[in-house]
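Structural characterization, general
The chain contents come next:
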Amino acid sequence: MIMEDMINLKINGMPVRVHKGTKILEAARLLHIDIPHLCYHPDQRIKARCRICSVEVVGKKRLLAACATECWEGMEVFTDTKVVRDTQRGILQLIMADHEENCLTCPRNGNCVLQQLCSRFNILRPNLTHVAEHLTVRTGNPSLVHDPEKCVKCGRCIRVCKDVQGIEAIGFAGRSTGLKVTTPYEDDFAKTDCVLCGQCTVVCPVGALVERDDTDKVLDAIFDPAKKVIVQTAPSVRVALGDAFGLPDGSIVTKKMVAALRMIGFDKVFDTNYGADLTITEEACELIDRLKNNRKMPMTTSCCPAWVNFVEKHYPGEIEHLSSTKSPMSIFSAVLKTQYARQEKIAPENIFSVAVMPCIAKKYEARRPELGKNGNFDTDAVITTRGLIKLIKYIGIDFVNLQEDEFDDPMGESTGAGAIFGTTGGVMEAALRTAYEWLTGREMPTLEYTPVRGFEGIKEAQVKIDKYNLKIAVVHTLKNAALVMNKLQVGQCDYDFIEIMACPGGCVGGGGQPVTTTFAATKKRMSALYEIDRSSKLRRSHENPYLKKLYAEFLVSPGSDKAHQLLHTCYQARTKEFDF
Amino acid sequence: MIEDSGKFDLNDELKTQIETILDNHCHDFTQIVGILLDVQEQISQHYIPKIAAFYIADKLPIKLSAIYDCITFYDALSDKPRGRYPIEVCDSVACKVNDNGFLLETLKELLGIDFGTVTYDGRFTIEKVSCFGACDRAPAVKINKIVYGPLKTREQVRDLLKQFV
Amino acid sequence: MENIKYITENFGKYDISSIDSYMSIGGFEALRKAVAMDGDAVAAVLSEAKIKGRGGAEYPMGRKWSQARVVKRPHHCVVCNADEGETCTFKDRELIKNDPFNLIEAIIIAGWTVNAEDAYIYLRAEYACLRPRIINAIQQAEEHDFLGKNILGTGWSYNIHLYSGAGAYVCGEGTALIRSIEGKAGRPRMKPPFMKQSGLFARPTCINNVESLSIVPHLLRNALPYMQAGTKESVGTKLISVGGNVNKPGVYEIPFGISIRDIIYDLAGGVQEGRNIRLIQFGGASGKISDDRILDIPYSYESFAANNLIIGSGSVLVIDERTSVIDFLRYTQDFFLHESCGQCTPCREGNRHIRIFLEKIKNGIHTDEDIRTMKTFATVMPMSSLCGLGETAQNALKSAFTIFPEVFTVKKSAGGI
Ligand SMILES: Cc1cc2nc3c(=O)[nH]c(=O)nc-3n(C[C@H](O)[C@H](O)[C@H](O)COP(=O)(O)O)c2cc1C
Ligand code: SF4
Ligand code: SF4
Ligand code: SF4
Ligand code: SF4
Ligand code: FES
Ligand code: FES
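Residues numbered from 1 in each chain as written. Chains lettered and ligands numbered in written order. Predicted model: local features only at pLDDT ≥ 70, side-chain atom pairs only at ≥ 80, totals over all residues. Heavy atoms only, no water.

Some thoughts on the overall build of chain B
How we decide: Helix and strand labels come from DSSP, where a helix needs a run of H or I of at least four residues and a strand needs a run of E of at least two; each type is numbered from the N terminus. Think of it in three bands: residues with accessible area under 20% of the maximum for their type are buried, residues over 50% are exposed, and the middle band is partly exposed, with areas taken using a 1.4 Å probe on protein chains only. In what follows, a contact means two residues having at least one pair of non-hydrogen atoms within 4.5 Å. Working definition of accessibility: Shrake-Rupley area with a 1.4 Å probe, residue cover restricted to the visible protein chains.
Helix and strand counts for chain B come out as seven helices and four strands. Expressed as lengths along the three principal axes of its C-alpha atoms, the size of chain B is roughly 50 × 30 × 25 Å. The burial tally for chain B puts 58% of its 165 residues in the buried class. Of the contacts made within chain B by residues no fewer than 6 positions apart, 62% connect residues no fewer than 24 positions apart. With the model as given, the accessible surface of chain B reaches about 6900 Å², and the carbon-plus-sulfur share is 49%.

See the structure below:
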């Protein structure tokens, strides 16, 4: 380490050495002091807006924002003097005076940053006039709920929507006490540029932006004796769920999760990875078909519903690039309510299909009319990782000490290729494994295709398969997706196959993941999925035995007419409020 | 009550006017504040109808939320229709201590309207604004960029209103 | 009282629509002088004259320019702050109205000194009627090659752009102003990065008030009268805008050092109908207040500092006995409550609670606890707000605590509980 890059300072009299550029808040962490913060988020630009991190720095007349101020050599910081306490507590009191606190009935009860701060500062009774106005909750879509009364105007949602997704569906409006964090003209999210990715619900520190809660719907079905309630769990849930129960980030808790789901009362516990294997198989087949028959290129994945929303809303002219293959969740539910129902002799309408997803856009996807029949949806309810945590807590399960358990047969069967679907690059890698084998008749020399792994926003590679020299790209976050789409629109995009996931890191960083999700946690979850793949017996989707059986008995072959009927879907440009 | 801006008709003439304004600003989205001020001036009720905001967002590489933020942030921009002659009455301290209360009351009485309403003929609205630097003419009002004041008597107010037909 | 015209020297002396007329009274001579000088030398003249920024923050102008010119990053720019939003402040209005060419000349000199490529004038929307004058002055300067490419044969190119504000006091704050020019809502950002390093469009930016700039051409032409005026620490003259309950509100140029009494009773013609003074506020809404005990102190930076006052924007607001201290504070608080950008908690929420406490006091229903809490928040706000607005919004209130302590006592009502 170069000496000049290190800085010495004191916090509350204790010496600490940090890299140049470290902020006071981060330096204090090294001393195990958590300076209160609200607008600060480790993955976001500095906002320095809530001011609750104000601390005293010797020689400065005013307090400085610890989240935003870089340490300097010889700096002396105090985080616990009377002025600091008066100020931090004062700011909290100011926030509370404008906060409609009804914690007991708030979705964030128990994991709300504001609640934690109030308990830390021992705010026992209000000393300021309560000035909160009544504002209406907005819920005009299946995914997102916005309760502006609870908003602390930290701007985290605005940053993620703009800097990560490039959407800017939500922003500031007005000024002074009239400042609002809102969609333009306070329209419902469905009417705006929002694609329901849910990233804002992950970063919101309070109960202002949350997902629509469907856990009650699930419990109602479980209590209904006529229903067979069958659950599928997405690959990325099993590597994120543990975070909420105090396990290290990225712990693999697949078997405990299965056990918990049984205890909650699901009749069958299946794996979305099976659906993922099907999606891969169909998508690989579709890619080969497009290649061989010179159809619309490049092909992009379509398993991410926020990405699909993005294309339908913002690039309606490019819809044909989307793979017509259904997402793993929807493909799974389609098979569940047809082939599986037939096999098990259950009337499809008596099956209640629940998906546990890392995503809130899946709630929207489940309500797409084309993903169901006669007004019945293939997927009856989607709950997120956060929703599952709530159910586990409701039953009172001691998750960490739970006996491990296995998925049910037959749709609990899956391959390592299905597992890596949950990370950016995973779909590409899985599809390549299958396409390679089909085109060359040989196994891919090495199954682990590293150029598509990692957290970089846009990864490109060229793979030679048979006579084809495939140009591929792997993209995550919609801001990066827009870069690719803008090129594509003007014909400057010579890729053949693009994988796009809306959320940073893919589903492991999804909008339905625990609110403690950060890029650092996401990366650990990515490694965990690759670990699951490595230790799987089967690692190529088309090898999945129940999948083979399905094709043999029911669908003939990948890409067949029957397969198209059941496993493929269509997309539609969205109508706009004003069309010029 | 002030009419809902959703009903505003964005006709071709206005579209061309907006295009011209965008040209004048070189389609430079960083000039959005100036663009909005210019568009607002083209509209007789001195506001930015929702549909016009959508139209501008469509034409420039800027998101609607950023435009909405500007419209709601800046006092000089309005998302609600105003009178053809919006009477901006200074409500800051120098005018207040020179009895702008009398001025406000007189205006309300003579026009028969309150804040947030338009006269029946669509001519006037009364708005309270912050100091516009005419404190040497306190109590002052500003109507379409021009300052009038001091307005201390009923006659002065009446004479002022007569100028706007 | 002696009548001094230095900054306002050109007022009424030339046809403000004609550059030729301006040149006939010596216009653009200062620019010619400046381009013959090294930028450091220009900055040194300002330092010599001890000019402090006239926009409110009172930053030494010579230092600002000499710092700005050495910033290593490319594409420097100059911003002229014509947002003049402080209440009872309208001196910049007079400068633009009566001497637009001088301002343009000053902005060109500023550009030369700090090695800038562009200048931006940010004119408040409320002064839209002054726009044509500025546009005309810029155009004529361009036609005479004082702007554009290769100015005065120096090889240096420079342009001035005029931007309009849209009604937001906070946009007078430097970082808010640049955001407004960049096409965003004018909410300040935290510093650092400082403007001189990364300001408008992330370029090194030197921002000055209209009056600060307007002094420069005069100073380069003939510094002597300025250097001879004023006091030791407050050299020269100042434009002040006097308003409120005085007989002759208006803009006056004064040498530093004359007494407040002279300003109010001589220049501004005394208080309306001979009433008593309740209080005086200096430097706009963000300024501090006092009562008639300071009538005989000199108007200068040093004497103001000693009396817990600030010169700030140079306004003198006189409130007569008809308005109570609490009413005055309420009006001031209303201003900030309306003008806060709202992004940071202490200012957004603090303003409204201070306003509620003031209302309680007005209605006589306040308790000791209320006063204690109000005092806490009057400290919390300036201590922790993001920008200068929140920092200074309670200046008037805080000075009222010392000047008018009786206003904040709790009256124990005889029959009450
Ligand atoms: C809330 C706020 C409002 C301000 N308004 C103005 C203004 O209207 N005009 C101005 O020249 N400076 C204003 N300032 C001061 C500017 O930030 C800046 O200091 C000044 O323009 C620098 O120029 P000067 O050094 O020549 O004074 C304001 C500052 C704050 C914090
Ligand atoms: S957002 Fe937090 S503090 Fe507010 S009601 Fe919900 S849990 Fe309570
Ligand atoms: S769901 Fe996604 S697109 Fe919609 S507001 Fe939130 S972050 Fe933006
Ligand atoms: S909605 Fe949540 S994240 Fe967004 S500003 Fe409000 S509190 Fe912050
Ligand atoms: S102090 Fe006030 S004006 Fe300044 S950033 Fe904070 S809220 Fe905005
Ligand atoms: S956490 Fe530092 S200002 Fe919000
Ligand atoms: S106070 Fe009314 S114009 Fe300044």
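Having put the structure on the table, let's press on.
Remarks on the overall build of chain A
This is how the line gets drawn: Atoms considered for the radius of gyration are the C-alpha atoms alone. The globule rule reads 2.2 Å times the number of residues to the power 0.38.
Along chain A, the regular secondary structure elements total 18 helices and 19 strands. Since a compact globule built from 580 residues should have a radius of gyration of about 25 Å, the 25 Å found for chain A is in line with a globular shape. For the C-alpha atoms alone, the extent of chain A along its principal axes is close to 75 × 60 × 60 Å. Across the 580 residues in chain A, those meeting the buried criterion constitute 63%. Accessible area of chain A: about 22400 Å², with a carbon and sulfur share of 50%.

Concerning the nonpolar core
Residue and element names in this part refer to chain C. Stated formally: Definition of nonpolar core: a set of buried residues of the types Ala, Val, Leu, Ile, Met, Phe, Trp, Tyr and Cys, connected through side-chain atoms within 4.5 Å.
Formed by 297 residues in total, the largest nonpolar core has its most connected members in Trp65, Tyr158 and Phe408. Tallying contributions element by element places helix α6 (residues 100-113) first for this core, with nine residues. Apart from residues no more than four positions distant in its own chain, Phe408 is found in contact with Ile326, Leu329, Ile361, His366, Ile371, Met374, Leu397, Ala400 and Phe401. Within the second largest apolar cluster, 26 residues are counted, among which are Val271, Leu295, Ile297 and Val318.

Describing the site of ligand 4
In plain terms, the rule: The cutoff for a nearby residue is simple: one of its non-hydrogen atoms must lie within 4 Å of the molecule or strand. Ten residues, namely Ala, Val, Leu, Ile, Met, Phe, Trp, Tyr, Cys and Pro, are considered nonpolar, four, namely Asp, Glu, Lys and Arg, are considered charged, and the remaining ones, Gly among them, are considered polar.
The environment of ligand 4 is formed by 13 residues, the closest being Cys151, Cys154, Gly155, Cys157 and Cys204 of chain A. For the shell around ligand 4, the residue count by class is ten nonpolar, one polar and two charged.

Notes on the pairing of strand β4 (residues 205-209) of chain C
A regular strand carries its side chains on alternate faces of the sheet. All names here are of chain C. Formally: Being paired, for any two strands, means DSSP has found at least two bridges between them.
Summarising burial for β4: five of the five residues are buried, a large majority. The alternating pattern of β4 places Thr205, Ile207 and Asn209 and Cys206 and Asn208 on opposite faces, both of which are buried. Both strand β1 (residues 76-82) and β4 contribute to a ladder of five bridges, which runs parallel. Paired with Cys77 across the two strands is Thr205, which belongs to β4.

What to know about the site of ligand 5
Taken together, the neighbourhood of ligand 5 is formed by 13 residues, with Cys341, Cys344, Cys347, Cys387 and Gly390 of chain C sitting nearest. Residues that form the shell around ligand 5 fall into these classes: eight nonpolar, five polar and no charged.

Considering the confidence of the model for chain B
Going by this rule: How sure the predictor is of each residue is captured by pLDDT, a score from 0 to 100.
Averaged over chain B, the pLDDT score is 94; the fraction of residues at 70 or greater is 96%. Prediction confidence for the complex, expressed as pTM and ipTM, is 0.95 and 0.95 respectively.

Observations regarding the interface of chain A and chain B
Threshold: For any pair of parts, buried area is found by adding up, for both, the accessible area (1.4 Å probe) each one loses once the two are put together. Any Lys or Arg side-chain nitrogen found within 4 Å of a carboxyl oxygen on Asp or Glu counts as a salt bridge. Any pair of nitrogen or oxygen atoms within 3.5 Å is treated as a polar contact; in protein, a donor-acceptor pairing is required on top of that, and neighbouring residues in sequence qualify only through side-chain atoms on both sides.
Taken residue by residue, the interface counts 17 residues in chain A and 20 residues in chain B. Taken together, both faces of the contact between chain A and chain B bury some 1700 Å²; the carbon and sulfur share is 61%. Run the count over chain A and chain B and you get three salt bridges. Note that Lys50 of chain B and Asp187 of chain A form a salt bridge whose closest N and O atoms lie 3.2 Å from each other. Run the count over chain A and chain B and you get seven residue pairs in polar contact (both at pLDDT 80 or more). Looking at side-chain class alone, the side of chain A that touches chain B contains seven nonpolar, four polar and six charged residues.

Points about the environment of Tyr301 of chain C
All names here are of chain C. Relative to the assigned elements, Tyr301 resides in helix α12 (residues 301-306). Here the alpha-carbon distance between Tyr301 and Thr231, two residues 70 residues apart in the chain, equals 9.3 Å. In this structure, Tyr301 is in contact with Lys52, Gly53, Arg54, Glu58, Ser234, Phe256 and Ile311, ignoring residues within four places of it in sequence.

Overview of the interface of chain C and chain B
Contact with chain C, which involves 46 residues of that partner, is made by 31 residues of chain B. Taken together, the two surfaces of chain C and chain B that pack against each other cover about 2800 Å², and 58% of this comes from carbon and sulfur. When the buried surface of chain C facing chain B is broken down by residue, Glu126, Ala166 and Tyr331 of chain C rank first, second and third, together holding 18% of it. The residue Arg187 of chain C makes a salt bridge to Asp69 of chain B at a minimum N-O spacing of 2.8 Å. Inspection of the chain C/chain B interface yields 16 residue pairs in polar contact (both at pLDDT 80 or more). Contributing elements (two or more residues each) for the side of chain C that touches chain B: β3 (159-164), α8 (174-181), β9 (315-320) and α13 (325-339) of chain C. Among the elements that take part in the side of chain C that touches chain B, α13 of chain C stands out by supplying six residues, more than any other.

Describing unusual backbone geometry
Along the chain, Ala138 of chain B connects to Pro139 of chain B via a cis peptide bond; the corresponding omega equals -5 degrees. A cis geometry characterises the amide bond from Gly149 of chain B onward to Pro150 of chain B, with omega recorded as 0 degrees. Note on placement: Pro150 of chain B falls in the loop between β4 (146-148) and α7 (154-162). For His27 of chain B, which is not glycine, the phi dihedral falls at a positive 50 degrees. Along the chain, His27 of chain B turns up in the loop between α1 (12-24) and α2 (32-42). According to the relative accessible area criterion, His27 of chain B is partly exposed, its value standing at 32%. Of note in the backbone geometry, His75 of chain C takes a positive phi value of approximately 60 degrees without being a glycine. Tracing the sequence through the fold places His75 of chain C in the loop between α4 (61-69) and β1.

As for the sheet that holds β4 of chain B
All names here are of chain B. Note the following rule: Lines fitted to the C-alpha atoms define the axes, with helices restricted to the stretch that makes contact. Angles between their N-to-C directions range from 0 to 180 degrees.
As summarised here, the arrangement of the four strands in space is β2-β1-β3-β4, forming an open sheet in which the pairing is mixed. In the strand order of this sheet, the two ends are held by β2 (124-129) and β4, each with one partner. Taking each pair of neighbouring strands and ignoring which way they run, the sheet shows an average axis angle of 25 degrees. Across three bridges, the pairing between strand β1 (residues 85-90) and strand β3 (residues 141-143) is antiparallel. By the bridge assignment for β3, Val89 is matched with Val141.

A look at a nonpolar patch on the surface
Residues and elements named next belong to chain A. Basically, it comes down to this: Put simply, a patch holds well-exposed residues, over 30% relative accessible area, that have no salt bridge, with like charges counted together within 9 Å and Val, Leu, Ile, Met, Phe, Trp or Tyr side chains within 5 Å.
Residues Phe223, Met263, Tyr394 and Ile395 make up a contiguous nonpolar surface patch of roughly 440 Å² in combined accessible area. Mapped onto the fold, Met263 is located in helix α7 (residues 254-264). Looking at Met263, the relative accessible area reads 45%, which means it is partly exposed.

Some details on the environment of Lys288 of chain C
Residue and element names in this part refer to chain C. Assignment of secondary structure puts Lys288 in the loop between β7 (277-282) and β8 (289-290). You can call Lys288 buried: its relative accessible area is 19%. Along the primary structure Lys288 and Ile311 are separated by 23 residues, whereas in three dimensions their C-alpha atoms are 9.0 Å apart. Those residues in contact with Lys288, other than ones at most four positions away along the chain, are Ile280, Gln281, Phe282, Asn308, Leu309, Ile310, Asn395 and Ser399. A distance of 2.9 Å separates polar atoms of two side chains, one belonging to Lys288 and the other to Asn308.

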